[in-house]
Amino acid sequence: MSTTPRVVVIGAGIVGANLADELTVRGWHDVTVVDQGPLPLTGGSSSHAPGLVFQTNASKTMTEFARYTVEKLKSIDVDGAWCFNQVGGLEVATTPERLTDLYRKRGWATSWGVQAEVVGPEECVRLHPLIDADRVLGGLHVPTDGLAKASRAVVALARRAEARGARFLGSTRVVGVEQAGGRVTGVRTPEGVIPADIVVTCAGFWGRAVGAMVGMEVPLLPLAHQFAWTGQVPDLVGRNDELTEASLPILRHQDQDLYYRERGDTLGIGSYAHRPMPVDLRDLAADDDVRESSMPSMLPFTEEDFAPVWEQSQLLLPSLRSTKVDTGFNGVFSFTPDGGPLIGESPDVRGFWIAEAVWVTHSAGVGRAVAQLLVEGRSEIDLHGCDVHRFEEVQLAPEYVSETSQQNFVEIYDVLHPLQPRTSPRGLRVSPFSARQEALGAVFLEAGGWERPHWYEANAGLVEQLPAEWTPPARDPWAARFSSPIAAAEAWRTRTAVAMYDMTPLKRLEVSGPGALGLLQRLTTGRLDKSVGSVTYTLALDEAGGIRSDLTVARLGEQLFQVGANGNLDHDLLRREAPTDGSVQVRDTTGGTCCIGLWGPRARDLVQRLTSDDFSNEGLKYFRAKRARIGGVPVTAMRLSYVGELGWEIYTSADNGQRLWDVLWAAGQDLGVVAAGRAAFNSLRLEKGYRAWGHDMTTEHDPYEAGLGFAVRKQDQGYVGSEAVAGLGDGTVTRRLSCLTVDDGHSVVLGSEPVFLDGRPAGYVTSAAFGHTVGRPIAYAWLPASAGVGTTVEIEYFGRRIPATVAAEPLVDPEMTRIRG
Ligand SMILES: Cc1cc2nc3c(=O)[nH]c(=O)nc-3n(C[C@H](O)[C@H](O)[C@H](O)COP(=O)(O)OP(=O)(O)OC[C@H]3O[C@@H](n4cnc5c(N)ncnc54)[C@H](O)[C@@H]3O)c2cc1C
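To start, this report covers the structure provided alongside it.

Parameters and conventions
Residues numbered from 1 in each chain as written. Predicted model: local features only at pLDDT ≥ 70, side-chain atom pairs only at ≥ 80, totals over all residues. Heavy atoms only, no water. Phe/Tyr/Trp six-rings, centres within 6.5 Å; stacked < 30°, edge-to-face > 60°. Buried < 20%, exposed > 50% of the residue type's maximum accessible area, 1.4 Å probe, protein only. Helix = DSSP H or I, 4+ residues; strand = E, 2+ residues; numbered from the N terminus. Salt bridge = Lys/Arg side-chain N within 4 Å of Asp/Glu carboxyl O. 1 Å grid on protein atoms, 1.4 Å probe; cavity = no way out; pocket = protein on both sides within 12 Å on 5 of 7 lines; lining within 4 Å. Points joined across faces, edges and corners; volume = space filled by probe spheres on them. Nonpolar A, V, L, I, M, F, W, Y, C, P; charged D, E, K, R; others polar. Pairing = 2+ DSSP bridges. Contact = heavy atoms within 4.5 Å. Near = heavy atom within 4 Å. Polar contact = N/O pair within 3.5 Å; in protein donor to acceptor, adjacent residues only side chain to side chain. Areas by Shrake-Rupley, 256 points an atom, 1.4 Å probe, with all protein chains shown as cover.

**Notes on the packing of aromatic side chains**
Here's step 1: Tallying each qualifying case throughout the model produces 23 aromatic pairs.
Here's step 2: Summarising the aromatic geometry, the rings of Phe 205 and Trp 206 are spaced 4.1 Å apart at their centres and angled 20° between planes, so their arrangement reads as stacked. Accessibility classification places Phe 205 together with Trp 206 in one group, the buried group.
Here's step 3: The interplanar angle of 45° and the centroid separation of 6.0 Å between the aromatic rings of Tyr 259 and Tyr 272 together place this pair among those described as tilted. Here Tyr 259, found in strand β18 (residues 258-263), pairs with Tyr 272, found in the loop between β19 (266-271) and β20 (277-278); they are 13 residues apart in sequence, far enough to count as distant. Here Tyr 259 and Tyr 272 have matching classes, each one buried.

**Details of the pattern of salt bridges**
Here's step 1: Applying the stated rule across the entire model yields 51 salt bridges.
Here's step 2: Here Asp 21 ties to Lys 72 by a salt bridge, and the two come within 2.7 Å at their closest N and O atoms. In this pair, Asp 21 sits in helix α1 (residues 14-25) while Lys 72 sits in helix α2 (residues 60-74), placing the two residues 51 residues apart along the sequence. For the pair formed by Asp 21 and Lys 72, the shared burial category is buried.

**Considering the side chain of Thr 589**
Here's step 1: Positionally, Thr 589 belongs in the loop between β32 (585-588) and β33 (593-599).
Here's step 2: Exposure remark for Thr 589: the relative accessible area of 11% places this residue in the buried category.

**Things to note about empty space enclosed by the protein**
Here's step 1: Enumeration according to the criterion identifies two cavities of 30 Å³ or more in this entry.
Here's step 2: In this structure, the largest cavity spans a volume of roughly 60 Å³.
Here's step 3: Every element with two or more residues in the lining of the largest cavity is listed here: β26 (450-456), β27 (499-502) and α19 (678-687).
Here's step 4: Looking at the lining of the largest cavity element by element, the count peaks at three residues for β26.
Here's step 5: Around the second largest cavity sit Ala 12, Gly 13, Pro 40, Leu 41, Thr 42, Ser 46, Ser 47, Ser 151 and Val 154, which together line it.
Here's step 6: Grouping the amino acids of the lining of the second largest cavity by side-chain chemistry returns four nonpolar, five polar and no charged.

**A closer look at the pairing of strand β34 (residues 625-630)**
Here's step 1: Sheet analysis places β34 next to strand β35 (residues 633-638), joined by six bridges and oriented antiparallel. Bridge assignment links Arg 629 to a residue of β35, and that residue is Pro 634.

**Quick look at the side chain of Thr 56**
Here's step 1: Structurally, Thr 56 is set in the loop between β3 (52-53) and α2.
Here's step 2: With near-sequence residues (within four places) excluded, Thr 56 lies in contact with Thr 63, Lys 105, Trp 108, Ala 109, Val 114 and Val 142.

**A short note on the site of the ligand**
Here's step 1: The environment of the ligand is made up of 36 residues, and the closest members are Asp 35, Thr 42, Ser 46, Val 358 and Thr 361.
Here's step 2: Contacts to the ligand include Leu 52, whose backbone N or O atom sits 2.9 Å from a nitrogen atom.
Here's step 3: With respect to the ligand, the side chain of Thr 361 contributes an N or O atom lying 2.6 Å from an oxygen atom.
Here's step 4: When the ligand sits alone it has 1000 Å² of accessible area, and the protein chains cover 98% of it.
Here's step 5: Mapped onto the shell around the ligand, the elements with two or more residues apiece are α1, β16 (221-230), β22 (325-335) and α9 (360-376).
Here's step 6: Of the residues that constitute the shell around the ligand, the class distribution is 20 nonpolar, 14 polar and two charged.

If you want it as structure tokens, here you go:
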């Protein structure tokens, strides 16, 4: 009998092959990889992927996946033939905007540990002599990028996995998933059932269909993307022998949505410059019989879409004028609503996992992460941006997936600002205050389908009234986008009068039942067995002590808790971990409720006018909650504040929301009440040093490094991660989330920029904002613990080094007199 779980992997593409390799190397030998297509060229995307691996990405996780892919594919071969050809990568700029952006991208590379350089036109031509020097303004050169030969790597990985016991079965289509008692028990094929304890679907763009076999909604869209090979390019003749195949760097011409790779004396051209071409899987299936051995993922080339591409390519690479397009195809692969991959276990059927929407570039990294999740229970790399459960329910609708995925195709090479919202679909989720917010000229950005005010144009008049020390300096054009000096006025009113913040979009979960306390105590670091009305800031850790989330847990009844969460991943965690005996119910109450954060020194004056309940310091202490009535509206008030001012989060049901807004608004007029948005909020929270999970800390960090050791119940054991953090403390940290203030007082950075210590890259920015109260920009950054208060560093922003200093935190009200008053 097998001592390790029986794993069936559906899909023998580059992801499935990597996973089989990573599982077997960890000692899980009972692995069967099944594919509907013949082996090794199954007809999936990997069979014909041109394999360009550009590692640099805005996401640290994606960059690390790519780095691992490079490292791993470099180390394997098939009978001496390469799987990775490290020719380097070059992304050229033909517009000033792109050139500027290449510096931002170089910053990401530096932040995530990839060596990269911005080079001038001559160096671009030296690296890639086919380029017309007059067309380019510069380029980003990453020497460790290169070409992955995915089809060959699949063979190398399969051989290695087979040598360790894995089986690969071609021409075996999975037509169903067997389950019993809420767990997978095997996969059904026309030849019979293959028993399994764990099934991992690596079915690429077929993912939606395979997910449907267990009722799992997989938010991806298959799209066709054009790729063509030229005929012989005279200038390339004699450059490469058959074995090397390519020596020029892989090339991106993003201003025209194009990329290039060399193969012998020809060039391959990939294009995102065409209309999005969604593919209906039913059409591919219908063609299956006639297609026989050809590839379902290769659709006929639509020449008319390629014509402008060919013209543009000849402009950048004039040598192409002496050749022609030889062959082309419209190749199919997966897109998702936010461009990230999809990793995770079905919420309903235990043991059914997916790893899809993964590029060749990230395939080894994803394979390793999934193997670690299965074998060790956690991935060493933070996966929150890849977790299939990151989406809100509304984002799983096929219409939403289709529109946003197509938009991602269109924007794939665009220069996108970190705050840039999608233009469509919008208005999916609005809070009950939305009519009032619109009347106040709210400028909405979008997150999780929610419309969220960032500032209110109605407050524009306050900007002139700002005292000199509150008047924000001008921003550079990039930092000024999706920003307004009105945020300064809203911050000013929050610190000096009172402001209303719409906190509705923040995820709220109700955890109830006789087992509720036990579940929350087991999953979090805080002591929650406190009196009804207590509110606790606590952390959910993984087994290794990494921070899975930070939660605010309010005990509203003996067996009733309201959990302020970060997103759907928290809901998924609680639901998954809840006992199956019905002793705990976990409910997402976000949509049916709403919340106003009422904060500022006049907040109590305002509320007291509207209630006979006691909102005094004694009547509702800091970090306490109670039910009350405000202006006749039944509410739950919690005395906490992410902006660091006196006040409450005031919750009510959605139907009562607009009235709650109206009564607070009317009663606050003579107190100077304003509606305030996320821009002011983010600035104020950084001044108070409040961390935002997912930005400032993730599973890669322990509580002490993140400055959250205070939330750990040290003496207790038994909660997830307690053993891992038992030996940790402020003294054990080697790196620390640090507060920086920018020395020049005006240069605002936006996040992910590298930080240099003694001239060398030493960390990266996690969150940043202009601190309106302190009158200077703030950046939180991961830095070596040795960089204590007073240490000077430099933040690199678009190639410019901005001096900054490590500051004692929090910058505002360290004694907590404002908030506790
Ligand atoms: C034209 C083109 C150019 C590209 N260029 C690049 C590039 O330069 N760089 C890069 O990183 N990426 C590139 N990609 C993307 C990349 O090819 C894919 O993201 C990647 O190959 C996906 O790998 P996979 O293993 O997930 O999927 P696939 O290779 O598609 O494998 C999935 C497998 O699942 C099997 N399967 C599906 N359903 C079933 C079932 N019911 N039963 C059994 N088996 C099943 C399929 O037969 C298939 O073999 C490109 C894609 C295309 C189309």
